[in-house]
Amino acid sequence: MISRFFQAALAILIFVANLAAQSATPRLLAQAPSGTTPEGTSKSGLPPAASPSATPATEDLVNSLGPADLQAVITLLKSNFVDPDAITEAELNRATVEGLMVRLPRGVLLLAGKENSPTAAPNTFYSEIIAGHIAYLRLGSLNSANLQALDKSLSAFGTKNVNAVIVDLRASGTTSDFGLATEFAKRFCPRGKTIFTLRKPTGRQDRVFHSERDPAFLGLVMVLADGDTAGAAEAIAAALRFHDKALVIGQPTAGRAAEYSDLSLPNGKILRLAVSEMISPDGRSLFPEGVKPDLPVDMSMADKRQILQLSSEKGMAQFVYETGRPHMNEASLLAGTNPEVEAVEAAQQRRGRSPDKPPPHDPVLQRALDVVTSLEVYQSR
């Protein structure tokens, strides 16, 4: 049972936010994963409002209160507040639950019921050789089909003179099969090394996932990550950074590197709790902060998802390299044409019409390629 003081602290946080909005009735709403709809409750029966979140100043004030202050606030509220019905034990308990979900957004979720809606289609594996010797590997969903596709690509590197790999984890969502997820990391991490650890609360045994095989690739590794990199994919990013000295490029990961359990409530709703946190090989918890990039690069999620969708047909290189202006060459001289003049005439014809929308650009992959090229130039000296 939550202690009285902790309950009071959370209740104060919610009451202050609600009173500031001139609302004496707390509402309950949790941010749920894709495909689920959280359900809220309120005395008025109105549709649930968005989850309240205290301003930094309010949160700092609440955090500064000691045990005696917290108890005094509850006592004063009960005896002086204009609406006594808002300070009942039931409302305090609701404020406590709501406060937990506000303060622990990745660790505590309230779902309307068991998830029986169809899940999204898994993201497929994709590979491409860029600039003749750099392998781009987008792992996609961490499933057995994509693991087999990864092995097939890695086995072909010997004949393609690949000396650098860019591992894209930006389309790798969460998975509950941690053993299978570990298999992806084994293709790059040294034998006998820890990939990640699942750690439960104090007093319970840890589950350690390690590599018992030699890696399939030993060259330079870069990792692309962002907010769509979640769960075990975050642990893979941390493992490659630790064991392979890989640079993580992009944006912070989702911060959901945990094992979750769905616990049924008496009314049929589901309380989803993070019950084990993932620990990186260097002993650092990946929950709830996730993995911070070594090289931050901003990119629109909409642009990224569009590029990943189009790349299966058109490849990734076109979203990195700009098309150069045409120039005179021997072939055009023999043909009696002038590509430069033709390009100018085409541009003039386009004037007066709405400008063509420029194709999306992947600055995250561009940065990774720039780093690989820079390292190669430096090492060649």
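**Observations regarding the overall build of the chain**
Along its length, the chain carries 11 helices and 11 strands. Out of the 381 residues in the chain, the part that is buried amounts to 40%. Taking contacts inside the chain between residues at least 6 apart in sequence as the whole, the part at least 24 apart equals 72%.

**A look at helix H3 (residues 67–80)**
With 14 residues, H3 extends 20 Å between its outermost C-alpha atoms, agreeing within 8% with the 20 Å of an ideal straight helix rising 1.5 Å per residue. Buried residues of H3: Leu 70, Ile 74 and Leu 77, and no others. For H3, the angular spread of the buried residues around the axis is 65°, confining them to a single face. In H3, those exposed residues whose orientation departs by more than 90 degrees from the buried face are Ala 68, Leu 76, Ser 79 and Asn 80.

**Quick word on unusual backbone geometry**
Cis geometry marks the peptide bond from Phe 287 to Pro 288; its omega dihedral reads 5°. A positive phi angle, near 60°, is found at Ala 131, a position not held by glycine. Ala 131 gets classed as exposed once you look at its relative accessible area, which sits at 52%. One non-glycine residue with positive phi stands out, namely Asn 161, at about 55°.

**Side note on the environment of Ser 211**
Residue position: Ser 211 is located in the loop between strand E6 (207–210) and strand E7 (220–225). Among the residues examined, Ser 211 registers a relative accessible area of 1% and is labelled buried. When residues no more than four places from it in sequence are discounted, the contact partners of Ser 211 are Lys 186, Cys 189, Pro 190, Arg 191, Gly 192, Lys 193 and Ile 195.

**With respect to the sheet that holds strand E4 (residues 164–168)**
Spatially, E2-E3-E4-E7-E8-E11 is the arrangement adopted by the six strands of the open sheet, whose pairing is mixed. In this open sheet, the two edge strands, each paired with only one partner strand, are strand E2 (126–130) and strand E11 (295–296). Summarising the sheet, strand E3 (residues 134–138) and E4 pair through five bridges and their orientation is parallel. Bridge pairing in E4 places Arg 138 opposite Asp 168. Strands E2, E3 and E4 of the sheet are contacted by helix H8 (residues 301–314), whose axis makes an angle of about 120° with E3.

**Structural notes on the packing of helix H6 (residues 178–186) against helix H7 (residues 232–244)**
Contact geometry for H6 and H7: axes closest at 10 Å, N-to-C directions at 30°. As the angle between them shows, H6 and H7 are arranged roughly parallel. For the crossing formed where H6 meets H7, the hand is right-handed. From H6, Phe 178, Ala 181, Phe 184 and Ala 185 reach across to H7, where they touch Ala 232, Ile 236 and Leu 240. In terms of residue class, the contact of H6 with H7 is made up of seven nonpolar, no polar and no charged.

**Here we look at the packing of aromatic side chains**
One pass over the full model with this rule turns up five aromatic pairs. Aromatic pair Phe 178 and Phe 196: ring centres 6.3 Å apart, planes at 70°, arrangement edge-to-face. Here Phe 178, found in helix H6, pairs with Phe 196, found in strand E5 (residues 194–199); they are 18 residues apart in sequence, far enough to count as distant. Among the residues examined, Phe 196 registers a relative accessible area of 1% and is labelled buried. One aromatic cluster is present, built from ring pairs that chain together Phe 178, Phe 196 and Phe 209.

**Brief notes about H8**
Its 14 residues give H8 an end-to-end C-alpha distance of 19 Å, which sits within 8% of 20 Å, the value for a rise of 1.5 Å per residue. Lining the buried residues of H8 we find E2, E3 and E4. Between a side-chain oxygen at the N-terminus of H8 and the backbone nitrogen of Ala 302 the separation is 3.2 Å; the capping residue is Ser 300. At the exit of H8 stands Gly 315, carrying a positive phi of roughly 85°.

**As for the packing of helix H5 (residues 144–155) against H6**
It is at 10 Å that the axes of H5 and H6 come closest, and there the two elements cross at 15°. It follows that H5 is roughly parallel to H6 by the angle criterion. Handedness of the H5/H6 crossing: left-handed. Of the residues in H6, those in contact with Ser 144, Asn 146, Leu 147 and Leu 150 of H5 are Leu 180, Glu 183 and Phe 184. Tallied by class, the residues present in the contact of H5 with H6 amount to four nonpolar, two polar and one charged.

**Considerations on the nonpolar core**
Ranked by internal contacts, the top residues of the largest apolar core, which has 42 residues, are Leu 150, Val 165, Phe 188, Leu 240 and Met 278. Those elements that provide at least two residues to this core are E3, H5, E4, H6, E5, E7 and H7. Ala 164, Phe 319, Val 364 and Val 372 belong to the second largest nonpolar core, which has 23 residues in total.

**Focus on the pairing of E3**
Most of E3 sits inside the fold, with five of its five residues counted as buried. Pairing geometry for E2 and E3, over five bridges, is antiparallel. By the bridge assignment, Glu 128 is partnered in E3 with Tyr 136. Two successive antiparallel strands, E2 and E3, enclose a turn made up of three residues, where Ala 131 displays a positive phi of approximately 60°.

**Concerning the side chain of Asn 146**
Turning to its location among the elements, Asn 146 is positioned in helix H5. Since its relative accessible area comes to 6%, Asn 146 is described here as buried. Reaching out from Asn 146, the side chain makes a polar contact with the backbone nitrogen of Phe 125 at a distance of 3.0 Å. Filtering out sequence-adjacent residues up to four positions away, Asn 146 remains in contact with Asn 123, Thr 124, Phe 125, Leu 139, Gly 140, Ser 141 and Phe 184.

What counts, and where the lines are drawn
Residues numbered from 1 in each chain as written. Predicted model: local features only at pLDDT ≥ 70, side-chain atom pairs only at ≥ 80, totals over all residues. Heavy atoms only, no water. Helix = DSSP H or I, 4+ residues; strand = E, 2+ residues; numbered from the N terminus. Buried < 20%, exposed > 50% of the residue type's maximum accessible area, 1.4 Å probe, protein only. Contact = heavy atoms within 4.5 Å. Expected span 1.5 Å × (residues − 1). Arc of directions from axis to C-beta. Pairing = 2+ DSSP bridges. Axes fitted to C-alpha atoms, helices over the stretch in contact; angles between N-to-C directions. Parallel < 35°, antiparallel > 145°, perpendicular 65-115°, else oblique. Left-handed = near helix turned anticlockwise from the far one by under 90°. Nonpolar A, V, L, I, M, F, W, Y, C, P; charged D, E, K, R; others polar. Phe/Tyr/Trp six-rings, centres within 6.5 Å; stacked < 30°, edge-to-face > 60°. Polar contact = N/O pair within 3.5 Å; in protein donor to acceptor, adjacent residues only side chain to side chain. Core = buried A, V, L, I, M, F, W, Y, C linked by side-chain atoms within 4.5 Å.

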